[in-house]
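Each chain, letter by letter, is given below.
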Amino acid sequence: MLLEDYSDSERLSDYYLWYGVMMYEIAKRPKDAIMAMRQVDQHGERDDDRWYLLGKVNHDQQKWNRAISAFTNLKNRHPTSEFLEEGLYLQAQSYFEQKKQNSALGILNELRSTFDPLKKPVREIHLRVRILIAMQRYEQADDVLQRKILQHSDFSLIKLRVEVLKHIKDPRRILSVTGIGLGLSTSEDHGFLFFHRANA
């Protein structure tokens, strides 16, 4: 109703943007959100919002090619956008879901070189390691984790390194990393560590 009442407003593009956000975030109607985003002025100041939301909606709907295309447009048209860091991460994830590991790794490298430090570094580490596991580059994955665990005291990285080391079949390193994990973990995590120490 608002859009009909103000169809001649100079703020119409903004109205469509926020209508799209509402359709996606509140009403959970992704198709309506996408239709609204298509009405946002491509030459206006909210064009980067538009490309980011188009990418996010398609990513969440597992429409990987459309998500990748939207995030590419965001990057090419708005290289200084506040949404670019999140967009690059989601683009890398989209490539990963398509099993295009080299492309995913390339986008993650671009993300790291463009934004340092990252707002959410641990999730980037997780995705990078998942990509390397998929490529069966286990030693490289372990090297990433060995370095990053020293920088980020996050128990999820300990668990991920144990998973990598099980592929490598190196009991010595499993004992080493679970020992580090005992210093980071809560009592709820101790069972995981003791199990893998006993089976190393």
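In case you missed it, the structure is sitting above this.
Counting of residues starts from 1 at the beginning of each chain's written sequence and follows it residue by residue. This being a predicted model, a pLDDT of at least 70 is required before a residue's local features are given, and a value of 80 or more before pairs of side-chain atoms are given or counted; all residues contribute to the totals for chains, interfaces and linings. To get the side-chain values, all heavy atoms of the structure are used, and hydrogens and water are removed first.

Colleague: Got a minute to help me understand the nonpolar core in this structure?
Modeller: Nonpolar side chains in soluble globular proteins tend to end up buried together. Counting 52 residues, the largest nonpolar core has Leu74, Leu111, Val129, Leu145 and Val164 as the members making the most contacts within it. Examining the composition of this core, we find that eight residues originate from one element, helix α10 (residues 155–168), more than from any other. Throughout this description, the term nonpolar core refers to a set of buried Ala, Val, Leu, Ile, Met, Phe, Trp, Tyr and Cys residues connected via side-chain atoms within 4.5 Å. Relative accessibility decides the category of a residue: with a 1.4 Å probe and only protein chains considered, values under 20% of the type maximum give buried, values over 50% give exposed, and everything between is partly exposed. Labels follow the DSSP assignment, with helices taken as runs of H or I lasting at least four residues and strands as runs of E lasting at least two, numbered in each case from the N terminus.

Colleague: What am I meant to see in a positive patch on the surface here?
Modeller: The patches reported here contain residues having more than 30% relative accessible area and no salt bridge. Joining distances are 9 Å for like charges and 5 Å for nonpolar side chains (Val, Leu, Ile, Met, Phe, Trp, Tyr). The protein chains shown are the only cover counted for residues, whose accessible areas, like all others here, come from Shrake-Rupley with a 1.4 Å probe. Salt bridges are counted wherever a side-chain nitrogen of Lys or Arg sits within 4 Å of a carboxyl oxygen of Asp or Glu. We treat Lys and Arg as the positive residues and Asp and Glu as the negative residues; His and chain ends play no part in the count. Where a charge lies is defined by one atom per residue type, namely NZ (Lys), CZ (Arg), CG (Asp) and CD (Glu). A cluster of basic side chains, namely Lys31, Arg38, Lys63 and Arg66, defines a positive patch on the protein surface. Within the secondary structure, arginine 38 sits in the loop between α3 (30–37) and α4 (47–60).

Colleague: What is the right way to look at the packing of aromatic side chains in this model?
Modeller: To describe a pair of aromatic rings, you give the distance between the ring centres and the angle between the ring planes. Two aromatic rings, drawn from Phe, Tyr or Trp (for Trp, its six-membered ring), form a pair once their centres lie within 6.5 Å of each other, and the interplanar angle then sorts them: stacked below 30 degrees, edge-to-face above 60, tilted otherwise. Scanning the model with the defined rule gives two aromatic pairs in all. Ring geometry for tyrosine 52 versus phenylalanine 71: centroids 6.3 Å apart, planes at 45°, classification tilted. One end of the pair, tyrosine 52, is in helix α4; the other, phenylalanine 71, is in helix α5 (residues 64–77), with 19 residues separating them in the sequence. Side by side, tyrosine 52 and phenylalanine 71 carry an identical accessibility label, which is buried. Here tyrosine 52 and phenylalanine 83 contribute two aromatic rings whose centre-to-centre distance is 5.2 Å and whose plane-to-plane angle is 15°, an arrangement assigned as stacked. Highlighted residues: tyrosine 52 in helix α4 and phenylalanine 83 in the loop between α5 and α6 (84–97), separated in sequence by 31 residues. No difference in accessibility class separates tyrosine 52 from phenylalanine 83, as the two residues are buried. A network of ring pairs unites the aromatic residues Tyr52, Phe71 and Phe83 as a single cluster.

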